[in-house]
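Working through the structure, step by step
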Amino acid sequence: MSTFIRGTLILIFAAMLTKVLGFIHRMVLARMVGEEGVGLYMMTFPTLMLVITITQLGLPVAIAKYVSEATAKRDEQVVQRILNVSLIITGTLALTFTPVMFLLAPFLTETLFADDRTFWPFVAILPVVPIAAFSAVLRGYFQGKQQMGVTAVGSIIEQLIRLVLLYILVGMLLPMGIEYAAAGAMLASIGGELLSLGYLYLHFVYSRRKIHIQAGNGGQPPRKTIAKQLLSIALPSTGSRMIGSIAWFLEPILVMQCLTMVGFTAAFATKEYGMLTGFVLPLLLLPSFITVSLSTALVPAISEAKAKNQFVTVEHRIQQALRISLVTGGLFSILLLTHGTYLLEALYHSTNGANLLHFMAVLFIFYYYQGPLHAVLQAYDAAGAAMMNSLIGAVVKLVVMAALMLQPGMGITGAAIGIMVGLVMVTLLHFFTMRKLVPIKIPYAQYGAVALLMLCMYVLEKKLFSSLLPDYFMHPLITMVILIGIYLVLGRFLNVIKQEDWSFFSSWRKKG
């Protein structure tokens, strides 16, 4: 197996494990502090992600690219210069934005978030900004060296430590008030990031000691040249992520302002936002590691076929990836539609948000479909088009959210509808953009078959199971397993699940 394929599989496994650990983290937090505490946590978290996006500037991608090239040329002095310049850039940005955000904390928490209880969670998380900035540089270095196992283990360590500290710190601070418990959750994130950084740094020191003996004595390029090269890659690649981070930063501010304007209290608005972003969305996003893994495999698959001018193969792989995403997305959407209330109760000890979960589950199939579409645009060097699609979707989402939440009686439902409108729009824009690049046929029969399959599953669960199955088979876990089995069998019968699908990733292992 090649280094690239092995590294990709390691990252896929790590992404799956990290996703599961992250979900457990959300579940534990929700059980300990409830919807209101999760709301305080989730209102301040997007601000942190925006600042981290700004301080990193997409540098990990650029670092990985240039470290890989310098390593191939055995020019370790250039690698050292890349690291030095990267640390200067990220360190300067982190040490600038962290105190600025601290000074802005009273204004952001009291005026924009409209809930002064967010102050302590907001302040508690700020030290993670420089930690995350330095971690990003080391992650880019190890990716450039194709040592994917190091970054994978670092991510897993971060999530494990974060989970342990969450249980300890939130339990200690909860008696002092829910805002202090939310701050404890933020401190747990700092602890996870810090220990992950320590692990990466120890590996870095060890690897550089071994390399130092072999390092050449050639001259190093000027720092200004290195900085220009890094930023020429980093800035364009961070465009879509920056748009997403800005939209996510504005989202809780918009929710709080709109809900308080129509008469809701800040505490109620916080609780509602926590229910949506802490209970409903994590459940909807849990299966996304499958489409992320599929997208990861799709980019090199298309790139290889394009390089060989095998355009029939390109279309086949795109159609295959989209079909797999459609089928898996349809299955998860139906499971959440039919068993969402049970899952909320089992995981969070609460059924609040069940109606929102059912509504969003129907349309969230567009999200699962979006990942492979974005991968195709990446493979065709259409990052600019993808960024514009994301920008349009973000603007529409925020406008629809504001318009609906200001309507009497809509409340947080307006925010949920806005999120879904933006999501569907980005997916459709990606689809139409992809068709301009690759004029593939639209498999209407395939879409119809998946829709029929989903309808059959819904009717089975809601109308027939109670009359067909004995009472002892009616436990939700059992009916979910039966639904999955019937879905796979009918999917194979309708030819939307094919034999070749099982070998989509294994074919890459053989090629490696």
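Described in the following lines is the structure provided in the data block. (Residues numbered from 1 in each chain as written. Predicted model: local features only at pLDDT ≥ 70, side-chain atom pairs only at ≥ 80, totals over all residues. Heavy atoms only, no water.)

Scanning the chain from terminus to terminus reveals 19 helices and zero strands. Residues counted as buried form 51% of the 512 residues belonging to the chain. Of all intrachain contacts in the chain linking residues separated by at least 6 positions in sequence, the fraction that spans at least 24 positions is 83%. When the accessible area of the chain is evaluated, it comes to approximately 22500 Å², of which 69% is carbon and sulfur surface. (Helix = DSSP H or I, 4+ residues; strand = E, 2+ residues; numbered from the N terminus. Buried < 20%, exposed > 50% of the residue type's maximum accessible area, 1.4 Å probe, protein only. Contact = heavy atoms within 4.5 Å. Areas by Shrake-Rupley, 256 points an atom, 1.4 Å probe, with all protein chains shown as cover.)

This part takes up the packing of helix H10 (residues 266-285) against helix H12 (residues 311-348). Running from N to C, H10 and H12 point in directions that differ by 125°, and their axes come no closer than 11 Å. By the angle class used here, H10 and H12 are oblique. Between H10 and H12 lies a crossing of right-handed hand. Counting all contacts with H10, which are made through Gly278, Phe279, Pro282, Leu283 and Leu284, the residues of H12 involved are Leu336, Leu343, Leu344, Leu347 and Tyr348. Looking at side-chain class alone, the contact of H10 with H12 contains nine nonpolar, one polar and no charged residues. (Axes fitted to C-alpha atoms, helices over the stretch in contact; angles between N-to-C directions. Parallel < 35°, antiparallel > 145°, perpendicular 65-115°, else oblique. Left-handed = near helix turned anticlockwise from the far one by under 90°. Nonpolar A, V, L, I, M, F, W, Y, C, P; charged D, E, K, R; others polar.)

Turning our attention to helix H15 (residues 383-405). Taking 1.5 Å of rise per residue, the 23 residues of H15 would be expected to cover 33 Å, and the 33 Å separating its terminal C-alpha atoms lies within 8% of that figure. Taken as a whole, H15 has its buried residues at Ala386, Asn389, Ser390, Gly393, Ala394, Lys397, Leu398, Met401, Ala402 and Met405. (Expected span 1.5 Å × (residues − 1).)

Next up on the list: the packing of H10 against helix H16 (residues 412-437). Two elements in contact, H10 and H16, have axes separated by 9 Å at closest approach and are oriented at 45°. With respect to each other, H10 and H16 are oriented oblique. When the axes of H10 and H16 are compared, the crossing they make is right-handed. Residues Glu272, Tyr273, Met275, Leu276 and Leu281 of H10 form the contact with H16, whose own contacting residues are Ile412, Ala415, Ala416 and Ile419. Looking at the contact of H10 with H16 residue by residue, the classes come out as eight nonpolar, no polar and one charged.

Taken as a whole, this structure holds 13 aromatic pairs when the rule is applied. Ring centres 6.4 Å apart and planes at 80° place the aromatic pair Tyr369 and Tyr447 in the edge-to-face group. Here Tyr447 lies in helix H17 (residues 444-468) and Tyr369 lies in helix H14 (residues 365-379), a separation of 78 residues in the sequence. One aromatic cluster in this structure is built from Tyr41, Phe45 and Trp248. (Phe/Tyr/Trp six-rings, centres within 6.5 Å; stacked < 30°, edge-to-face > 60°.)

Within the largest apolar cluster, 136 residues are counted, with the highest numbers of intra-cluster contacts made by Leu230, Leu276, Leu284, Ile318, Tyr348, Met360 and Met434. Setting aside residues no more than four positions away along its own chain, Met360 makes contact with Leu276, Val280, Leu281, Leu284, Ala416, Ile419 and Met420. (Core = buried A, V, L, I, M, F, W, Y, C linked by side-chain atoms within 4.5 Å.)

Here we come to the side chain of Ser245. Inspection of the secondary structure assignment puts Ser245 in helix H9 (residues 239-261). We classify Ser245 as buried; its relative accessible area is 7%. Separated by 2.9 Å, the side chains of Ser245 and Thr53 make a polar contact. When residues no more than four places from it in sequence are discounted, the contact partners of Ser245 are Met49, Leu50 and Thr53. (Polar contact = N/O pair within 3.5 Å; in protein donor to acceptor, adjacent residues only side chain to side chain.)

One can find Gly418 in helix H16. Under the relative-accessibility criterion, Gly418 is labelled buried at 0%. A C-alpha to C-alpha distance of 8.1 Å links Gly418 and Ala402, two positions 16 residues apart in sequence. With residues near it in sequence (within four places) discarded, Gly418 still touches Lys397, Val400 and Met401.

Although it is not a glycine, His349 sits at a positive phi angle of roughly 60°. Within the secondary structure layout, His349 lies in the loop between H12 and helix H13 (354-363).

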